[in-house]
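Examination of the molecular architecture
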Number of protein chains: 2
Amino acid sequence: MTRQDRLALSLLVEPGDPRLRDLLLTHEPSEIVAAILRRHRLPGAEMPESWVERGLRLDRAAEAAAARAKAAGLRWVTPGDKEWPAALSDLDHVEPLHGATGAPVGLWLRGVGHLGDLSKRSVAIVGARDCTTYGAECSSDLAADCADAGWTVISGAAFGVDGCAHRGAFLMNAPTIAVLACGADLDYPKPHGALIGRIAEVGVVVSEQSPGGRPLKGRFLSRNRVIAALTQGTVVVEAALRSGSLNTLNWADQLGRTTMALPGPVTSRQSAGAHAAMRAGKAVLVTGGRDVLAELAGPGAEADEQTSQPVTEFDRLPPAARTTLDGLDWATARTVTQIASSVRLSTREVRAALDLLDRRGLVSRAGAEWTLSRRADVG
Amino acid sequence: MTRQDRLALSLLVEPGDPRLRDLLLTHEPSEIVAAILRRHRLPGAEMPESWVERGLRLDRAAEAAAARAKAAGLRWVTPGDKEWPAALSDLDHVEPLHGATGAPVGLWLRGVGHLGDLSKRSVAIVGARDCTTYGAECSSDLAADCADAGWTVISGAAFGVDGCAHRGAFLMNAPTIAVLACGADLDYPKPHGALIGRIAEVGVVVSEQSPGGRPLKGRFLSRNRVIAALTQGTVVVEAALRSGSLNTLNWADQLGRTTMALPGPVTSRQSAGAHAAMRAGKAVLVTGGRDVLAELAGPGAEADEQTSQPVTEFDRLPPAARTTLDGLDWATARTVTQIASSVRLSTREVRAALDLLDRRGLVSRAGAEWTLSRRADVG
């Protein structure tokens, strides 16, 4: 049965191996498993030795995985299961990045949350592990705003921005999703054990790695593709030029998701990667939750941004009235003639303007002399 | 003679008046002056009362201007003069902003600099008067980098970003250009008298206002169009949502100049306007002088930005070698079999990979066991 065949594949092949992605486009999981175990080369495909070697240990590996999954209360979901997020199949059509691509053959889940439902309206908030207090505050606020608006925050439960994003959503009592680079039964990083436990209590902890799988460097890069694919958009809060979160941004970009970055001081190493991504056109600038929600809502809402620069009463005044204001003062009262000559308008123009400004309560009259009224601070 | 007619026009009509721009498209300066003095309506054009009223005082105004110009050592330049910057005529084809447009009829200059030559390769650096120390440092550094690369910095000599931009260029012993909203003989703001004096000593102080002209609010807005038109690009360093420097950015945008903005903390009021401009697509993000020079150099140099994210030795390793590195440790020495099983590669794949990594000096061998070498910190 396919779920079991996919489970076998997850044990036989390092998740994200592009060679498996290619095979799955033309073969059933069962055929591939059978071929690996029988050391058969499938038509038009190589049969990597490492797969065959793992095949020799498949039974032992399957027992170990089952035992760990049982102990940690993990469930195995695959395409066809109600909880499977359809969006993941987008990964089957993306070129490899750092040697990984393709939808996961299946996912191990831990926690009460329904992955399919929670990820339907979700946003990834990722960034530097060694973030600054600025990055920590921004990611927490961003997550809280998104959660408050009904968007599920997805991140990697790492130190720094990831952790702050999960915690920011918790402030709104909203569930989050953590996608791990190690087995879903492990707490990595260790000091985040309580955080990851909390994520499972209200949301869901996800991994394509087998239970007990170690968090190898390459697995963080392939993990990032799952975060990007599960969400409708990715926000990078702080990222140095070499940050792995830029890899998540690249995945989101290749997947046609919304890519966003939060700016910071140009003097901060931790914002250099975010700025570079924006300069390269790989991410749009967002200043907070409001901007992120506008981007996720799509171009429609963008129009609002275009016109979001405030227009004051001053801008709405006719030119002659604005010029006349220039000739007036808070302290010194002036006559129409004095004003006219100082701003180079005709006395008649000034009189008409003062009449208008008076009706708007912007000027005060004392006999033949005029001053600015307190309301006139419209600049 | 036209220079004198243009001087008369500068006294008769508030600089930047769109009605004069329209008249000059179809009439000679001399015709317009004559018409104003004779109270003649010119075909297809109104004859504003304020112009006529000023006509009555023209001789007195001309004498006053001449006296002030002589005292301050100002020179009057107009189209046709060698020093006149051709780029200003672009303003004759731009719609009014805040009731001003059109090329200046002439400019009053103070200082040793040659306006035409200095403005050929120039960039405007503008921003908040009440800038933060962050904005002050960034504008000074930006100006120093641009000046060092042979670009003339043009600004408004105001408090905050403007002043820091002029001073930053002076650090490189480079001349700058200040465009004032008041007469070129005045020091505004007063506490910048020494700075403006220095600008005149090495560069040039510019104004389209008559000598002695007061810095009225409306004149800052029309002054900004001259800064934008003189330069090939405008950078906004810090700007609140209502900052006048965004008006300069709009002028640069309408003139088809390069428009740039420097990001800052999203928590800073003084960066909100710059961020809004970038979100609205009115400015590209720049993180410093290097970016500004790349933008001014045009799309060609942009390609370099696209690929400016560093690629480490790690990225250039074949996948099997990268995976093998994951299985190695600084402290614990491991055998080929241990490595192979931990990273799920075949022993043969691991041997081949170790061979390559050894040649690159990334791994160390002790008997049958391998560790990472110090050089291997390639993440």
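The rules behind each value
Residues numbered from 1 in each chain as written. Chains lettered and ligands numbered in written order. Predicted model: local features only at pLDDT ≥ 70, side-chain atom pairs only at ≥ 80, totals over all residues. Heavy atoms only, no water. pLDDT = per-residue confidence, 0-100. Contact = heavy atoms within 4.5 Å. Least-squares fit on C-alpha atoms with pLDDT ≥ 70 in both. Disulfide = S-S within 2.5 Å. Buried < 20%, exposed > 50% of the residue type's maximum accessible area, 1.4 Å probe, protein only. Axes fitted to C-alpha atoms, helices over the stretch in contact; angles between N-to-C directions. Helix = DSSP H or I, 4+ residues; strand = E, 2+ residues; numbered from the N terminus. Left-handed = near helix turned anticlockwise from the far one by under 90°. Nonpolar A, V, L, I, M, F, W, Y, C, P; charged D, E, K, R; others polar. Buried area = accessible area lost by both parts, 1.4 Å probe. Salt bridge = Lys/Arg side-chain N within 4 Å of Asp/Glu carboxyl O. Polar contact = N/O pair within 3.5 Å; in protein donor to acceptor, adjacent residues only side chain to side chain. Pairing = 2+ DSSP bridges. Phe/Tyr/Trp six-rings, centres within 6.5 Å; stacked < 30°, edge-to-face > 60°. Lys NZ or Arg CZ within 6 Å of the ring centre and 35° of its normal. Parallel < 35°, antiparallel > 145°, perpendicular 65-115°, else oblique. Domains from an automatic or database assignment. Right-handed = clockwise from strand over helix to strand, strands pointing away.

1. With respect to the confidence of the model for chain A
Residue and element names in this part refer to chain A. In this model, chain A carries a mean pLDDT of 92, and residues with pLDDT of at least 70 account for 94%. Note that pLDDT drops below 50 for residues 302–310; the model gives that stretch 15 contacts with residues more than four away or on any other chain. Quick note on the complex model: pTM equals 0.79, ipTM equals 0.77.

2. Observations regarding the relation of the copies chain B and chain A
When chain B is fitted to chain A, the residual RMSD is 0.2 Å, and the transformation amounts to a turn of 180 degrees plus an axial shift of 0.0 Å. Both chain copies can therefore be described as sitting about a two-fold axis. Every residue of chain B has its C-alpha some distance from the rotation axis, and the shortest such distance is that of G264 of chain B, at 2.5 Å. Interface overlap between copies: 97% of the residues of chain B at the interface are likewise at the interface in chain A, consistent with a symmetric, same-surface contact.

3. A word on the state of the cysteines
Applying the stated criterion across every chain yields a total of 0 disulfides over all chains. This cysteine, C146 of chain A, is not joined by any disulfide, and C138 of chain A carries the nearest cysteine sulfur, 13 Å off. What makes C146 of chain A buried here is its relative accessible area of 0%. Cysteine C138 of chain B remains unbridged, with the sulfur of C131 of chain B as its closest cysteine sulfur at 9.6 Å. Accessibility expressed as a relative area gives 7% for C138 of chain B, which makes it buried.

4. What to know about the packing of helix 7 (residues 133–148) of chain A against helix 8 (residues 161–170) of chain A
Residue and element names in this part refer to chain A. Running from amino to carboxyl end, helix 7 crosses helix 8 at an angle of 40 degrees, the nearest separation of the two axes being 7 Å. Handedness of the crossing formed by helix 7 with helix 8: right-handed. For the pair helix 7 and helix 8, the contacting residues are G135, A136, S139, S140, A143, A144 and A147 in the first and V161, C164, A165, G168 and A169 in the second. Its residues assigned to classes, the contact of helix 7 with helix 8 comprises 8 nonpolar, 4 polar and no charged.

5. Focus: the interface of chain B and chain A
Across the contact, 59 residues belong to chain B and 57 residues belong to chain A. Both sides together, the interface formed by chain B and chain A hides about 5300 Å², and carbon and sulfur atoms give 50% of it. Inspection of the chain B/chain A interface yields 6 salt bridges. Residues E49 of chain B and R348 of chain A are paired through a salt bridge, measuring 3.3 Å at the closest nitrogen-oxygen approach. Taken together, the connections running from chain B to chain A amount to 18 residue pairs in polar contact (both at pLDDT 80 or more). Element by element, the count of residues in the side of chain B that touches chain A is highest for helix 12 (residues 269–279) of chain B, at 5 residues. Residue composition of the side of chain B that touches chain A, by class: 23 nonpolar, 17 polar and 19 charged.

6. Examining the sheet that holds strand 10 (residues 334–335) of chain A
Residues and elements named next belong to chain A. On the basis of which strands lie adjacent, the open sheet formed by 3 strands has the order 10-12-11 and antiparallel pairing. One side of each edge strand has no neighbouring strand; the edge strands of this open sheet are strand 10 and strand 11 (363–366). Of the strand pairs in this sheet, strand 11 and strand 12 (residues 369–372) are connected by 4 bridges, and their pairing is antiparallel. Residue S364 lies in a different strand from strand 12, and its bridge partner there is T371.

7. Section: the packing of aromatic side chains
In this description, an aromatic ring pair is defined by two values, namely the gap between the centres and the angle between the planes. Residues and elements named next belong to chain A. Per the counting criterion, the structure on display carries 4 aromatic pairs over all chains. Ring geometry for Y188 against F220: centres 5.9 Å apart, planes inclined by 55 degrees, an arrangement best described as tilted. Placement of Y188 in the loop between strand 5 (176–179) and helix 9 (193–202) and of F220 in helix 10 (residues 217–230) is noted, with a sequence separation of 32 residues between them. Note on F220: relative accessible area 16%, which makes it buried. When the ring centre of F220 is taken as origin, the NZ or CZ atom of R129, which lies over that ring, is 5.3 Å away.

8. Regarding the packing of helix 1 (residues 2–12) of chain B against helix 5 (residues 58–72) of chain B
Residues and elements named next belong to chain B. Between helix 1 and helix 5, the least distance of the axes is 10 Å, while the angle of their chain directions is 105 degrees. As the angle between them shows, helix 1 and helix 5 are arranged roughly perpendicular. Between helix 1 and helix 5, the residues in contact are A8, L11 and L12 and L58, A61, A62 and A65, respectively. The residue inventory of the contact of helix 1 with helix 5, partitioned by class, reads 7 nonpolar, no polar and no charged.

9. Let's talk about the environment of E295 of chain A
All names here are of chain A. Relative to the assigned elements, E295 resides in helix 13 (residues 289–297). Judged by its relative accessible area of 12%, E295 is buried. Considered as a pair, E295 and R121 are 174 residues apart in the sequence and their alpha carbons are 13 Å apart.

10. A word on the domain arrangement of chain A
Along its sequence, chain A is organised into domain 1 (2–56), domain 2 (107–297) and domain 3 (313–372). Computed over C-alpha atoms only, the centres of domain 2 of chain A and domain 3 of chain A are separated by 56 Å.

11. Describing the pairing of strand 8 (residues 258–261) of chain A
All names here are of chain A. With 4 bridges connecting them, strand 7 (residues 233–236) and strand 8 associate as parallel partners. Residue pairing for strand 8: T234 is matched across the bridge by T259. The handedness of the strand 7 to strand 8 crossover, carried by helix 11 (residues 245–254), is right-handed. Of the strand pairs in this sheet, strand 8 and strand 9 (residues 284–285) are connected by 2 bridges, and their pairing is parallel. Among the inter-strand pairings, A261 is bridged to a residue of strand 9, identified as L285. Following the backbone out of strand 8, through helix 12 (residues 269–279) and into the adjacent parallel strand 9, one traces a crossover that is right-handed.

12. Some remarks on the sheet that holds strand 9 (residues 284–285) of chain B
Residue and element names in this part refer to chain B. Strands sit in the order 1-2-6-5-4-3-7-8-9 across an open sheet of 9 strands; the sheet is mixed. In this open sheet, the two edge strands, each paired with only one partner strand, are strand 1 (75–77) and strand 9. When strand 2 (residues 107–110) meets strand 6 (residues 204–207), the two strands line up antiparallel, connected through 3 bridges. Directly across from L109, in strand 6, lies its bridge partner V206. Packing of helix 9 (residues 193–202) onto the sheet brings it into contact with strand 2, strand 5 (176–179) and strand 6, and relative to strand 6 it is tilted by some 110 degrees. Across the face of the sheet, helix 13 (residues 289–297) comes into contact with strand 3 (122–126), strand 7 (233–236), strand 8 (258–261) and strand 9 while running at roughly 165 degrees to strand 8.

13. As for the side chain of H27 of chain A
Residue and element names in this part refer to chain A. Looking at the secondary structure, you find H27 in the loop between helix 2 (18–26) and helix 3 (29–37). H27 gets classed as buried once you look at its relative accessible area, which sits at 10%. Not counting residues up to four positions away in its chain, the partners in contact with H27 are I32, L42 and P43.

14. With respect to the environment of G102 of chain B
All names here are of chain B. Take G102: it is sitting in the loop between strand 1 and strand 2. Distance from G102 to V226, taken between C-alpha atoms, is 9.4 Å for residues 124 residues apart in sequence. Once residues within four sequence positions are removed from consideration, G102 is found in contact with R21, L91, D92 and R225.

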